[in-house]
Number of protein chains: 4
Amino acid sequence: MQLAMLGLGRMGMNMARRLARDGHQLCVWNRTVERAQELAARESSVSAYGSLTELVASLTPPRQLWLMVPAGVAVDTLIDQLVPLLAPGDLLIDGGNSYYKDACRRADQLEARGLLFCDAGVSGGIWGLSEGYCLMVGGCRSAFDRIEPLLVSLAPPQGYLYCGAAGAGHFVKMLHNGIEYGMMQAYAEGFAVLEASDYGDQLDFAAVAHLWNQGSVVRSWLLELLEHAFTDDSRLQQLSGYVADSGEGRWTVQQAVETGVAAPVIALSLFQRFASRQPDAFSNRVLAALRREFGGHAVKSSAESQASP
Amino acid sequence: MQLAMLGLGRMGMNMARRLARDGHQLCVWNRTVERAQELAARESSVSAYGSLTELVASLTPPRQLWLMVPAGVAVDTLIDQLVPLLAPGDLLIDGGNSYYKDACRRADQLEARGLLFCDAGVSGGIWGLSEGYCLMVGGCRSAFDRIEPLLVSLAPPQGYLYCGAAGAGHFVKMLHNGIEYGMMQAYAEGFAVLEASDYGDQLDFAAVAHLWNQGSVVRSWLLELLEHAFTDDSRLQQLSGYVADSGEGRWTVQQAVETGVAAPVIALSLFQRFASRQPDAFSNRVLAALRREFGGHAVKSSAESQASP
Amino acid sequence: MQLAMLGLGRMGMNMARRLARDGHQLCVWNRTVERAQELAARESSVSAYGSLTELVASLTPPRQLWLMVPAGVAVDTLIDQLVPLLAPGDLLIDGGNSYYKDACRRADQLEARGLLFCDAGVSGGIWGLSEGYCLMVGGCRSAFDRIEPLLVSLAPPQGYLYCGAAGAGHFVKMLHNGIEYGMMQAYAEGFAVLEASDYGDQLDFAAVAHLWNQGSVVRSWLLELLEHAFTDDSRLQQLSGYVADSGEGRWTVQQAVETGVAAPVIALSLFQRFASRQPDAFSNRVLAALRREFGGHAVKSSAESQASP
Amino acid sequence: MQLAMLGLGRMGMNMARRLARDGHQLCVWNRTVERAQELAARESSVSAYGSLTELVASLTPPRQLWLMVPAGVAVDTLIDQLVPLLAPGDLLIDGGNSYYKDACRRADQLEARGLLFCDAGVSGGIWGLSEGYCLMVGGCRSAFDRIEPLLVSLAPPQGYLYCGAAGAGHFVKMLHNGIEYGMMQAYAEGFAVLEASDYGDQLDFAAVAHLWNQGSVVRSWLLELLEHAFTDDSRLQQLSGYVADSGEGRWTVQQAVETGVAAPVIALSLFQRFASRQPDAFSNRVLAALRREFGGHAVKSSAESQASP
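What you see is a predicted model; the values in this text were computed from it and never measured.

Engineer: How should I be thinking about the overall build of chain A in this particular structure?
Structural biologist: Counting its regular elements, chain A contains 14 helices and eight strands. Dimensions of chain A, computed from C-alpha atoms along their principal axes, come out at roughly 75 × 45 × 40 Å. Out of the 309 residues in chain A, the part that is buried amounts to 62%. Restricting the contact set of chain A to residue pairs at least 6 apart, pairs at least 24 apart contribute 63%. By element, 50% of the accessible surface of chain A is carried by carbon and sulfur atoms, the whole surface being about 10300 Å². On chain A, the mean spot of the 24 positive side-chain charges and the mean spot of the 32 negative ones are 3 Å from each other.

Here it is, written out as structure tokens:
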């Protein structure tokens, strides 16, 4: 079917490619038009547009427009630019990592103008192009039905689900990522304890990861990725332990707090990432100060720390 | 090859079956001989023994004996009973969930008498019979080589690994279980936040688990099991949230503490299990007492708690 | 000075009493007028009012009105009722446990009408009447200066602080409570480990709490309260381990998440309270389900749990 | 009374001084004799000894010997050296931060030779000399009674307690320190959230700490120390956030794990210290590796990290 894809970052570009290869007709737009043109040059069923007006004009109503731009203000800005160009019955899909409460707000706002809205959580990362994207979709059921041919093309078999009313897609995706944080941290701690042990020097970590994927309880796709990482760099010495976090982990913790659900592992996984980026965190300096105050314990001055590696 | 399997609990029974079906000749012993006889009646290549002396006598030296008895004192007791019956060159494998430091001690003790020892961590649970067991093996390399035909039969393809010197097998298995605790808790928290949300009533949790296994980042075998559990009982209402723990989780935390490695997620997963079994924990009563003391906050008396459901 | 106190709950009542005893002239209002009348009957410098209109009319402009009503919508409702009755230059103080972002919003809203606003975090609980309240005050400096005579009367010596612009008072109070959660949990865990140990039966916990308050590193007021609690009920057997939480703990965790600061201890203290109120939490049932699925581990059915104590 | 003090580190030196000033007759020994001589030169009731044999010979039986040497092997070594020199009825006190299980073992070992043993947990740090030490004592009751005059001199009023059989003193001290870890971390997190907030730049942290000690729920001695630290260095910029840990925190977590008690806050406080010393922890590199693998997320190479401050 005909679809506009707006936003050709790492995710949007590959999703557009996967859709185009499955026979859909794509009109693509990107903030920097070169990426759109590049894609159009490579895929025959793709047309590139530099202006939103031209993009919308090129689509046959009722239109479908899939937004893959950074969560937050960029989504609202783009929606605000599109709304005046659209006609009742047109359908917007937000496939970014948006906060589910934003999805609810946007659905209300768009429905008031006769427009339809779906929120689609998309998982799969850089592997989605080849393996398919796992899709969690919220919004009104009829909108979901209308875009189902797109979901079939994007997802692996059985890889999409109608999760419920507006926000449900992003909500389920948010929890997916919260779980992901916890799983990653569990593997990270396990290998860290292994690394620090007497067996740490001898063990082939890639072999352990590979082994555990053969019939053990902890087998998973993340563990396959870990095997790959250890194969390339057995002790990850080319990497720095600086770990970014995105909104979903934070929102999961906030959701847990709001609804009175204990989520210690997800919260700790998030805090671990914060800490990974603050080697000389203020909280640690407070601890050092207290130890010096009550115990006369030797502490490192900031000057010493900078001198020693 | 010829093997004695000692201990026919849930794990030992199925492992013996899998070995017998792959053509090995098994002499089996169990504390209650009926289970041994039952197995021998079902599998033609299995012989049952009621006495350790007869069992050992029936084996052609150099012997292989695989112990699948509960970790701790039961292993030591059985080894103490076997040692006088064995001859130099005989080989003992401990396949239970033993503490790795015990494996090191036992290896030393047995080697001093000319006996060989392997520690084998075994994962796979009740699915091992059909899918194969993931095997993590420590001990001297020549002992590992000798039992490799058994490992090939027990494991799925590529499903066993020589992990290093004595204790390495149980050590790697210990961490496997520590990671397992963290992963389980991550899923548990994710679904708990889902359940408590506005979307919680409508969502089909089995469908979500199934979906996430199609191309998402959190796909895993545990998630397949979770799909199955939710299919049978959509909100797990037939279960009580009482969660046992076994030694490996505790040992992982102790190992982390001993070696100065932060393992917050694994520790918290363990503590969560402790707490699941202590709904009226003393620590919580201390908190309630403090709130009453400083704030005059209403608290529940233990009588009220028992009265209300 | 002249002051209206609105809201005579546990905190407001005692604060009004303390102010009246220090010579201030109080006009008091409460949702149920009887409490106001009761106070007026006991304290000669207190007048009770059943209507907000009469209350405001009785005050000499520029007025001071101190709100001690439950955080959230009750504060906004009361402000909305008062605003039409007030004149420019009148000053509102919110002494409840309000969210600091609400304080900022209210300050803006009131200042737009020429009214002044202070947010005052108040700590001290039921002991404040005799020992004085610790007061953390935000708002414009001139408003703070104006109410300083009230703060002097309410606080113990040096027991109040101007914390900065609107919201700063509630913000500092929020963190105070977050820290309180962590400290309480630290004591709770320590005594719980003591209780579960071999020394647990013999030790006099009140004596330990008293001891630790004589020169040890952990001496504190909370520990004094704990001594009192243990003196009355040596193992807190008359209490249920059901622990409520108020907004500040949740807001502290959300603030930490928003600003990327790791706050594991405060978050865990909050989650521990959540868990104390959910003995059969869904997350724990998920864990039990997984254990049954992969290991065939015995689990408790919900029926069994209800049968056994 | 007459007492030998063995070990004149930061703690032992000040304790000896406090005892001498209260009229006790002290024979002191230190691994490097100069510190003993220095003390003898300053306090008239102190005699210094360079050899254990001479030290013991100088004491009138039944003797009292107080050991203040580093926990672990140093204690056992010293005891082994002393035992041949002692006579039945002599009494050893271990005042170091020993593991309580070691105290039990040592008591058994010494009692078998007719010697008495007390384990004394000592809190107070560098402030003990002036304020007195909080003393938690285990061992047989008659031994405790015998050393009570020493405890009276060392402690502030009511500042010592007989905690029970051998090990009880070190056990109670262990938990004291576990609680201390949790309290310190609670303050550290609270001030870290404050520091990272919009109010962080303006607030006078010393003033906040001082304020909270006037009637608030979180008032404590640690908070007094924190006020002092912030007074000297308002944002602790002269300190590095490198936080050591001693045995008691680790033992508390291990004890919690062994006895099935959830101690999340104490465990997390310990892990936070571990992490403070490992800015590029392996676990964080595992997380970074996974993010790169599944998401193509940009990561920092170790080279980049070293280049950037």
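Engineer: I tried to follow the interface of chain B and chain A on my own but got confused; where do I start?
Structural biologist: By convention, interface size is frequently given as the accessible area that disappears when the constituent parts associate. Taken together, the contact pairs 66 residues of chain B with 66 residues of chain A. The largest per-residue losses of area from chain B upon contact with chain A belong to Val193, Tyr199 and Val217 of chain B, which jointly make up 13% of the total buried on that side. Between Arg219 of chain A and Glu131 of chain B there is a salt bridge, with its nearest N and O atoms 2.8 Å apart. Summed over the shared surface of chain B and chain A, the result is 18 residue pairs in polar contact (both at pLDDT 80 or more). Of all the secondary structure elements, the ones that give two or more residues to the side of chain B that touches chain A are helix 5 (100–111), strand 7 (134–139), strand 8 (160–164), helix 8 (168–195), helix 9 (205–212), helix 10 (221–232), helix 11 (247–259) and helix 12 (264–276) of chain B. Per-element tally for the side of chain B that touches chain A: the top contributor is helix 8 of chain B, with 17 residues.

Engineer: What is the right way to look at the interface of chain C and chain D in this model?
Structural biologist: Across the contact, 66 residues belong to chain C and 66 residues belong to chain D. Where chain C abuts chain D, roughly 5600 Å² becomes buried across the two surfaces, and 76% of that area is made up of carbon and sulfur atoms. Counting across the interface, chain C meets chain D through two salt bridges. For the interface between chain C and chain D, the tally reads 18 residue pairs in polar contact (both at pLDDT 80 or more). Those elements giving two or more residues to the side of chain C that touches chain D turn out to be helix 5 (100–111), strand 7 (134–139), strand 8 (160–164), helix 8 (168–196), helix 9 (205–212), helix 10 (221–232), helix 11 (247–259) and helix 12 (264–276) of chain C. Residues of the side of chain C that touches chain D, tallied by class, amount to 42 nonpolar, 20 polar and four charged.

Engineer: Teacher, can you tell me more about the confidence of the model for chain A here?
Structural biologist: Detailed reading of the predicted coordinates is not advisable wherever pLDDT is low. Summarising the model, chain A shows a mean pLDDT of 95, and 97% of its residues fall at 70 or more. We note a pTM of 0.95 for the whole complex and an ipTM of 0.95 for its interfaces.

Engineer: Where do I start with the packing of aromatic side chains in this structure?
Structural biologist: Ring pairs (aromatic) are described by centroid distance and by the angle formed between their planes. Throughout the structure, instances matching the rule amount to 60 aromatic pairs over all chains. Ring centres of Tyr100 of chain C and Phe171 of chain C lie 4.7 Å apart, and the angle between their planes is 80 degrees; this geometry places the pair in the edge-to-face category. One end of the pair, Tyr100 of chain C, is in helix 5; the other, Phe171 of chain C, is in helix 8, and 71 residues separate them in sequence. Between Phe191 of chain C and Phe205 of chain C, the aromatic rings sit 5.5 Å apart at their centres with planes inclined by 50 degrees, giving tilted as the arrangement. Taken together, the residues span a long stretch of sequence, with Phe191 of chain C in helix 8 and Phe205 of chain C in helix 9 at a distance of 14 residues. By way of ring pairs, the aromatic residues Tyr99, Tyr100, Phe171 and Trp251 of chain A together with Tyr199 of chain B are connected into one cluster. In this arrangement the basic side chain of Arg273 of chain A is found over the ring face of Tyr181 of chain A, its NZ or CZ atom lying 3.7 Å from the centre.

Engineer: What am I meant to see in the pattern of salt bridges here?
Structural biologist: Charged atoms that come close allow side chains of opposite charge to pair. By the definition in use, this model includes 52 salt bridges over all chains. Asp102 of chain C serves as the salt-bridge partner of Arg105 of chain C, at 3.3 Å between the closest nitrogen and oxygen. With Arg105 of chain C and Asp102 of chain C both in helix 5 and three residues apart, this pair spans about one turn of that helix. Arg105 of chain C sits in the partly exposed class, given a relative accessible area of 35%. Two residues, Arg63 of chain D and Asp90 of chain D, come together in a salt bridge whose shortest N-O distance is 2.7 Å.

Engineer: I keep staring at the relation of the copies chain C and chain D and nothing clicks. Help me out?
Structural biologist: Copy one and copy two of the chain differ by a rotation about a common axis and a shift along it. When chain C is fitted to chain D, the residual RMSD is 0.0 Å, and the transformation amounts to a turn of 180 degrees plus an axial shift of 0.0 Å. Seen this way, the second copy is the image of the first under a two-fold rotation axis. No C-alpha of chain C approaches the rotation axis more nearly than that of Ser220 of chain C, which lies at 1.9 Å.

Engineer: Where do I start with the domain arrangement of chain A in this structure?
Structural biologist: Residue and element names in this part refer to chain A. By the assigned domains, chain A splits into domain 1 (2–166) and domain 2 (174–276). Between the C-alpha centres of domain 1 and domain 2 there is a distance of 31 Å. Opposite the 10 residues of domain 1 that make contact, domain 2 presents eight residues. When the buried area of domain 1 at its contact with domain 2 is split by residue, Asn97, Tyr99 and Tyr100 rank highest and sum to 52% of it. The interface formed by domain 1 and domain 2 holds one salt bridge in total. Taken together, domain 1 and domain 2 are joined by four residue pairs in polar contact (both at pLDDT 80 or more).

Engineer: Explain the pairing of strand 2 (residues 25–29) of chain B to me, please; I cannot follow it from the model alone.
Structural biologist: All names here are of chain B. Of all five residues making up strand 2, four are buried, and the element is well covered by its neighbours. Remark: the strand 1 (residues 2–6)/helix 1 (residues 10–21)/strand 2 crossover connection has right-handed handedness. Note on the crossover from strand 2 through helix 2 (residues 33–42) to strand 3 (residues 46–49): the handedness is right-handed.

Engineer: Looking at this structure, I do not really get helix 8 of chain B. What am I missing?
Structural biologist: Residue pairs three or four apart in sequence face the same way in an α-helix, which turns once every 3.6 residues. With 28 residues, helix 8 of chain B extends 40 Å between its outermost C-alpha atoms, agreeing within 8% with the 40 Å of an ideal straight helix rising 1.5 Å per residue. In terms of burial, helix 8 of chain B is a largely internal element, 27 of the 28 residues being buried.

Engineer: Can you help me understand the sheet that holds strand 8 of chain B in this one?
Structural biologist: To summarise the sheet geometry, strands pair through backbone hydrogen bonds and adopt either a parallel or an antiparallel arrangement. Pairing within the open sheet is mixed, and its eight strands lie in the order 3-2-1-4-5-6-7-8 (chain B). Two strands close off the open sheet at either side, each with one partner strand: strand 3 and strand 8 of chain B. Strand-to-strand twist of the sheet, defined as the mean angle between neighbouring strand axes without regard to direction, takes the value 25 degrees. Alignment of strand 6 (residues 116–123) of chain B against strand 7 of chain B, held across six bridges, turns out to be antiparallel. Considered in strand 7 of chain B, the bridge of Cys118 of chain B is made with Gly139 of chain B. Where helix 9 (residues 205–212) of chain A meets the sheet, it contacts strand 7 and strand 8 of chain B, and its direction lies at approximately 140 degrees from that of strand 7 of chain B.

Engineer: Even after reading the chapter, I still don't get the sheet that holds strand 5 (residues 91–94) of chain C, so can you show me in this structure?
Structural biologist: Residues and elements named next belong to chain C. Overall, mixed pairing links the eight strands, which are arranged 3-2-1-4-5-6-7-8 in an open sheet. Edge positions in the sheet fall to strand 3 (46–49) and strand 8, since each of these pairs with one other strand and no more. When the angles between neighbouring strand axes are averaged without regard to direction, this sheet yields 25 degrees. Most of the contacts of helix 1 (residues 10–21) go to strand 1 (residues 2–6), to which it runs at about 165 degrees, and overall it touches strand 1, strand 2 (25–29), strand 3, strand 4 (64–67) and strand 6 (116–123). Helix 5 contacts strand 5 and strand 6 of the sheet and is inclined by roughly 155 degrees relative to strand 6.

Engineer: Could you clarify how one ought to interpret the side chain of His24 of chain A in this entry?
Structural biologist: All names here are of chain A. Note that His24 resides in the loop between helix 1 (10–21) and strand 2 (25–29). Side chain to side chain, His24 and Ser153 meet in a polar contact 2.6 Å long. Once you skip the residues sitting within four places of it in the chain, His24 turns out to touch Met1, Leu19, Ser45, Pro149, Leu150 and Ser153.

Engineer: Help me understand the packing of helix 8 of chain B against helix 13 (residues 282–295) of chain C, please; the structure alone is not making it clear to me.
Structural biologist: Helices that pack against each other are described as a pair by the angle of their axes relative to one another and the distance between those axes. Running from N to C, helix 8 of chain B and helix 13 of chain C cross one another at 135 degrees; their axes reach a closest spacing of 8 Å. In terms of orientation, helix 8 of chain B lies oblique with respect to helix 13 of chain C. In the crossing of helix 8 of chain B with helix 13 of chain C, the sense of the turn from one axis to the other is right-handed. Of the residues in helix 13 of chain C, those touching helix 8 of chain B at Glu180, Met184, Gln185, Ala188, Glu189, Phe191, Ala192 and Glu195 of chain B are Phe282, Ser283, Val286, Leu287, Leu290, Arg291 and Phe294 of chain C.

Parameters at a glance
Residues numbered from 1 in each chain as written. Chains lettered and ligands numbered in written order. Predicted model: local features only at pLDDT ≥ 70, side-chain atom pairs only at ≥ 80, totals over all residues. Heavy atoms only, no water. Helix = DSSP H or I, 4+ residues; strand = E, 2+ residues; numbered from the N terminus. Buried < 20%, exposed > 50% of the residue type's maximum accessible area, 1.4 Å probe, protein only. Contact = heavy atoms within 4.5 Å. Areas by Shrake-Rupley, 256 points an atom, 1.4 Å probe, with all protein chains shown as cover. Lys, Arg positive; Asp, Glu negative; His and termini not counted. Charge placed at Lys NZ, Arg CZ, Asp CG, Glu CD. Buried area = accessible area lost by both parts, 1.4 Å probe. Salt bridge = Lys/Arg side-chain N within 4 Å of Asp/Glu carboxyl O. Polar contact = N/O pair within 3.5 Å; in protein donor to acceptor, adjacent residues only side chain to side chain. Nonpolar A, V, L, I, M, F, W, Y, C, P; charged D, E, K, R; others polar. pLDDT = per-residue confidence, 0-100. Phe/Tyr/Trp six-rings, centres within 6.5 Å; stacked < 30°, edge-to-face > 60°. Lys NZ or Arg CZ within 6 Å of the ring centre and 35° of its normal. Least-squares fit on C-alpha atoms with pLDDT ≥ 70 in both. Domains from an automatic or database assignment. Right-handed = clockwise from strand over helix to strand, strands pointing away. Expected span 1.5 Å × (residues − 1). Pairing = 2+ DSSP bridges. Axes fitted to C-alpha atoms, helices over the stretch in contact; angles between N-to-C directions. Parallel < 35°, antiparallel > 145°, perpendicular 65-115°, else oblique. Left-handed = near helix turned anticlockwise from the far one by under 90°.

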